[in-house]
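Residue strings, one per chain:
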Amino acid sequence: MFVALTAIGANITSIIPFVIGGVPITLQTFFAILSGLVLGSRLGAFSMFVYMVLGLAGVPVFAQFKGGAAMVLSPTFGFIISFIFVAYVAGKIAETKRTFPIYIVAALIAMAINYVFGTNWMYAAYLFWFEAPTEFSYKIAWLWMSVPLPKDIVLSILAGAFAYRLNKYGLSVRYPIEEKVV
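Residues numbered from 1 in each chain as written. Predicted model: local features only at pLDDT ≥ 70, side-chain atom pairs only at ≥ 80, totals over all residues. Heavy atoms only, no water.

1. Considering the environment of Lys 66
In step 1: Within the secondary structure, Lys 66 sits in the loop between helix 3 (41-56) and helix 4 (77-96).
In step 2: Judged by relative accessible area, Lys 66 falls into the partly exposed class, the value being 40%.
In step 3: Sequence-wise, Lys 66 and Gly 55 are 11 residues apart; in three dimensions their C-alpha atoms are separated by 7.6 Å.
In step 4: Residues in contact with Lys 66, not counting those within four places in the same chain, are Val 59, Pro 60, Val 61 and Met 71. (Helix = DSSP H or I, 4+ residues; strand = E, 2+ residues; numbered from the N terminus. Buried < 20%, exposed > 50% of the residue type's maximum accessible area, 1.4 Å probe, protein only. Contact = heavy atoms within 4.5 Å.)

2. Focus: the packing of helix 5 (residues 100-128) against helix 6 (residues 138-145)
In step 1: Between helix 5 and helix 6, the least distance of the axes is 10 Å, while the angle of their chain directions is 130°. Looking at the two axes, helix 5 sits oblique to helix 6. Both helix 5 and helix 6 take part in a crossing whose hand is right-handed. Seen from helix 5, the contacting residues are Tyr 115, Val 116, Thr 119, Asn 120, Met 122, Tyr 123 and Tyr 126; seen from helix 6, they are Tyr 138, Ala 141, Trp 142, Trp 144 and Met 145. (Axes fitted to C-alpha atoms, helices over the stretch in contact; angles between N-to-C directions. Parallel < 35°, antiparallel > 145°, perpendicular 65-115°, else oblique. Left-handed = near helix turned anticlockwise from the far one by under 90°.)

3. Observations concerning helix 7 (residues 149-168)
In step 1: Taking 1.5 Å of rise per residue, 20 residues should cover 28 Å, and helix 7 covers 28 Å from first to last C-alpha, within 8% of that figure.
In step 2: Those residues of helix 7 lying buried are Asp 152, Leu 155, Ser 156, Ala 159, Gly 160, Ala 163, Tyr 164, Leu 166 and Asn 167.
In step 3: Once helix 7 ends, the next one or two residues include Gly 170, with phi positive near 75°. (Expected span 1.5 Å × (residues − 1).)

4. Quick notes on the packing of helix 1 (residues 2-11) against helix 2 (residues 28-39)
In step 1: Following both chains from N to C, one finds helix 1 and helix 2 inclined at 160°, their axes separated by 8 Å at the closest point. By the angle class used here, helix 1 and helix 2 are roughly antiparallel. Between helix 1 and helix 2 the crossing geometry is right-handed. Where helix 1 approaches helix 2, its residues Phe 2, Leu 5, Thr 6, Gly 9 and Ala 10 are matched on the opposing element by Gln 28, Phe 31, Leu 34, Ser 35, Val 38 and Leu 39.
In step 2: Partitioned by chemical class, the residues of the contact of helix 1 with helix 2 number seven nonpolar, four polar and no charged. (Nonpolar A, V, L, I, M, F, W, Y, C, P; charged D, E, K, R; others polar.)

5. As for the packing of aromatic side chains
In step 1: Applying the stated criterion across every chain, the model contains 17 aromatic pairs.
In step 2: Note on Phe 62 and Phe 77: the rings are 6.5 Å apart at their centroids and 70° apart in plane angle, and the pair reads as edge-to-face. In this pair, Phe 62 is assigned in the loop between helix 3 and helix 4 and Phe 77 in helix 4, connecting sequence segments 15 residues apart. The two residues Phe 62 and Phe 77 agree in class, both being buried.
In step 3: Judged by centre distance (5.6 Å) and plane angle (75°), the ring pair of Tyr 103 and Tyr 164 falls under edge-to-face. Separated by 61 residues along the polypeptide, Tyr 103 in helix 5 and Tyr 164 in helix 7 bring together distant segments of the chain.
In step 4: Among the aromatic residues, those joined into a ring-pair cluster are Tyr 123, Tyr 126, Phe 130, Phe 136, Tyr 138, Trp 142 and Trp 144. (Phe/Tyr/Trp six-rings, centres within 6.5 Å; stacked < 30°, edge-to-face > 60°.)

6. As for the environment of Ala 112
In step 1: Relative to the helices and strands, Ala 112 is located in helix 5.
In step 2: C-alpha separation for the pair Ala 112 and Ile 153, spaced 41 residues apart in sequence, amounts to 9.2 Å.

7. Digging into the nonpolar core
In step 1: Residues Ile 33, Leu 34, Leu 37 and Tyr 51 are the most contacted members of the largest nonpolar core, which totals 46 residues.
In step 2: Those elements giving two or more residues to this core turn out to be helix 1, helix 2, helix 3, helix 4, helix 5, helix 6 and helix 7.
In step 3: Top contributing element to this core by residue count: helix 4, with 10 residues.
In step 4: Once you skip the residues sitting within four places of it in the chain, Leu 34 turns out to touch Phe 2, Leu 39, Ala 159, Phe 162 and Ala 163. (Core = buried A, V, L, I, M, F, W, Y, C linked by side-chain atoms within 4.5 Å.)

Spatial relationships are all this shows, so hold off on functional conclusions.
In structure tokens, the structure reads:
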């Protein structure tokens, strides 16, 4: 299910393309975080691994309906790799203590991992195997990422809140949150 949701989230903006600095603005990070929080660290990471492998095998599940092994050289492929770590870390943190604040913190930390890994990959890609604009710098790479940042912060918080509610009502793979009866 999360493989399909991530593919949909990758392409939901393809109807009205919105790309900043070569980075499509998508809902992939939201679903990667949600997969870790709902499925747990191992299953969430596995679902994102399956998503990546499907895309590399040529299924057009990546943003802008792209797929294929050549995507490894894409400046945005670092974000796709990071989804595995995003799901794992979000799930691992939430597994420690299933409280609402922990879910929000887990989602925000996972989003930060996505940005650090993906932006550094993008920077390296532009320096080493893509033609970077003449004024391109590490600072510019991070400035490009400041555009989707507010959206991803809000969506990360929503992913944390949604996953907490799903878990609280027993609609996640992991055991639901146990409430004390007074």
